[in-house]
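Chains, contacts and geometry: an overview
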2 protein chains.
Amino acid sequence: MGTTQLETVPEPKYWHLKTVLSEALDSEFAVGEILPNERDLAARFGVARATLRQALEQLELEGRLQRRRGVGTTVAPPRVGVAVAARHTWPGAAGDDWQPVDSAQSDTVPAAVARLLETAPGELMHIVRRTRVTEGQPLAAELVYIPAAAVPGCAEAELLTGPARAYAVLRELQSLELTGQDRTVELGSARAEDARQLDRLPGAPVLVVTTRYVSGGRTTAVAVSTYRADTCRLTFGESDAVALLAG
Amino acid sequence: MGTTQLETVPEPKYWHLKTVLSEALDSEFAVGEILPNERDLAARFGVARATLRQALEQLELEGRLQRRRGVGTTVAPPRVGVAVAARHTWPGAAGDDWQPVDSAQSDTVPAAVARLLETAPGELMHIVRRTRVTEGQPLAAELVYIPAAAVPGCAEAELLTGPARAYAVLRELQSLELTGQDRTVELGSARAEDARQLDRLPGAPVLVVTTRYVSGGRTTAVAVSTYRADTCRLTFGESDAVALLAG
């Protein structure tokens, strides 16, 4: 009586296995250690391979396991806290943690980006590619979309290549007045190109941070940053909170 | 020559299927429409069930499909932008979008929360449960952890039950001075209890937002908010960006 139907849904089998596996990870395995293969694990826990695989996927979602190309499944280190700039600055400003890779011009951008920039179809864009690395591990890949008309001064950037070209475009952007920015975070899956940069398989879960930069009453740049969801915890700080706790 | 090994990794089969399916969703299906069953879909696209299932999971991660209990797989509406309070306020302050459900006392909290609160083992806590709903759909579930010692004035809250008790605890918290807050966002999977509140299956991907509230030089409350990753896009705004674009 009074028990809703939802409450009587039993826990799926893999869910129980996940809890058991999670305890085994704590007690028997060290960070970085490679798990036994799926056949052996399934035999040890007396479950079907499909059930085991579901439980492993779950533990990967929760950041407890990492599946690594050519290595296998390893016990993940704790996630790294990655600061998402609270500061009110253009991409590429001093103190920025991103490395420019290159820049290209294009007249096609994803529909969601075109909507944010309110660009006309066929409008020429600079697309600056950047990457964020910590201790040799790729954390995030980024594309910054800037309408060419917004930064007319960097026409000569076309003569440059690689990071130099990316720097030239961002330098021009920084000469504009930044009047506002906002940001969204959502779950996505790594596109083939991002996956390569992040050393993940295509389709791996990622956290997609979209930042809109406003100047002179219109959106002047949109950055789409793709963070590895397995290794990253995004942090949004207030400097005073940290300072108060440290003091 | 010069081609790195990573670039030669071929696209997995399900990835191509995902692209094809995504186009079919755009051209043939309306939002909310139920997809044909897996057997029929696999036959139509000439793929194995396992490949189809991987592609469907991918589209679910990307927010294109929703798997709904007792309904099947439906075409998802665009994700809802959900504002994560940029304002510097305690949980439960005026204008807050959360509904208190209840509050309970406990001396056990998750290890990660205990670390943030720097509580002693066995220290008594208020745990306030809240929920966030839009247009009748649950978006997020939250637990706010507050050491009982930080809010001694709400001892009489024990006489209350349900939302009234939650309100009493939060009212006491609001009487303290809030001196700072910070926030992390990471990928998680829904625990059984959250899954029930969110009308999802246990293990569904969720965005976990952990907010730390600082008062008098120490962390005085920690809120762990679990947002449905399939339907939510978290927004972190600056009021000036929005105002400038609207103006």
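Residues numbered from 1 in each chain as written. Chains lettered and ligands numbered in written order. Predicted model: local features only at pLDDT ≥ 70, side-chain atom pairs only at ≥ 80, totals over all residues. Heavy atoms only, no water.

1. Quick word on the domain arrangement of chain A
How big an interface is tends to be expressed through the accessible area that disappears when the partners come together. All names here are of chain A. If you check the domain split of chain A, you get domain 1 (13-75) and domain 2 (80-245). On a C-alpha basis, the centroid separation for the pair domain 1 and domain 2 is 34 Å. Across the contact, six residues belong to domain 1 and eight residues belong to domain 2. Here domain 1 is connected to domain 2 by one salt bridge. Linking E60 and R200 is a salt bridge whose minimum nitrogen-to-oxygen distance equals 3.4 Å. Along the contact surface separating domain 1 from domain 2 lie one residue pair in polar contact (both at pLDDT 80 or more). Within the residue set of the side of domain 1 that touches domain 2, elements represented by two or more residues are α3 (49-61) and β1 (65-68). A breakdown of the residues in the side of domain 1 that touches domain 2 according to their chemical character gives one nonpolar, two polar and three charged. (Domains from an automatic or database assignment. Contact = heavy atoms within 4.5 Å. Salt bridge = Lys/Arg side-chain N within 4 Å of Asp/Glu carboxyl O. Polar contact = N/O pair within 3.5 Å; in protein donor to acceptor, adjacent residues only side chain to side chain. Helix = DSSP H or I, 4+ residues; strand = E, 2+ residues; numbered from the N terminus. Nonpolar A, V, L, I, M, F, W, Y, C, P; charged D, E, K, R; others polar.)

2. Some points on the pattern of salt bridges
By the definition in use, this model includes 32 salt bridges over all chains. We note a salt bridge from R44 of chain A to E28 of chain A, for which the minimum N-O separation is 2.9 Å. Taken together, the residues span a long stretch of sequence, with R44 of chain A in helix α2 (residues 38-45) and E28 of chain A in helix α1 (residues 13-28) at a distance of 16 residues. In this structure R44 of chain A comes out as partly exposed when scored by relative accessible area, which is 48%. Ionic pairing is found between D182 of chain B and R212 of chain B, a salt bridge with its closest N-O pair at 2.5 Å. One end of the pair, D182 of chain B, is in strand β7 (residues 180-189); the other, R212 of chain B, is in strand β8 (residues 205-215), and 30 residues separate them in sequence. The exposure classification of D182 of chain B matches that of R212 of chain B, with both residues buried. (Buried < 20%, exposed > 50% of the residue type's maximum accessible area, 1.4 Å probe, protein only.)

3. Considerations on the nonpolar core
With 30 residues, the main nonpolar core has V185, Y227 and L234 of chain A together with V185, Y227 and L234 of chain B as its most contacted residues. Counting only elements with at least two residues in this core, the list comes to β6 (137-147), β7 (180-189), β8 (205-215) and β10 (232-236) of chain A together with β6 (137-147), β7, β8 and β10 (232-236) of chain B. Setting aside residues up to four positions removed in sequence, V185 of chain B forms contacts with V185, L207, R233, L234 and F236 of chain A together with V208, V209, L234 and F236 of chain B. Y14, L41, A42 and L65 of chain B belong to the second largest nonpolar core, which has 17 residues in total. (Core = buried A, V, L, I, M, F, W, Y, C linked by side-chain atoms within 4.5 Å.)

4. Focus: the sheet that holds strand β5 (residues 125-134) of chain A
Two modes of strand pairing occur in sheets, parallel and antiparallel, and in both the strands are linked by backbone hydrogen bonds. If you walk across this open sheet you meet the eight strands as β4(A)-β5(A)-β6(A)-β9(A)-β8(A)-β7(A)-β10(B)-β3(B), and the pairing is mixed. Both edges of this open sheet fall to β4 (99-106) of chain A together with β3 (80-83) of chain B, since each of them pairs with a single strand only. Taking the axes of each pair of neighbouring strands and ignoring which way they run, one obtains an average angle of 20 degrees across the sheet. The sheet contact formed by β8 of chain A and strand β9 (residues 218-228) of chain A spans ten bridges and is antiparallel. Opposite V214 of chain A, over in β9 of chain A, you have T219 of chain A as the bridge partner. (Pairing = 2+ DSSP bridges. Axes fitted to C-alpha atoms, helices over the stretch in contact; angles between N-to-C directions.)

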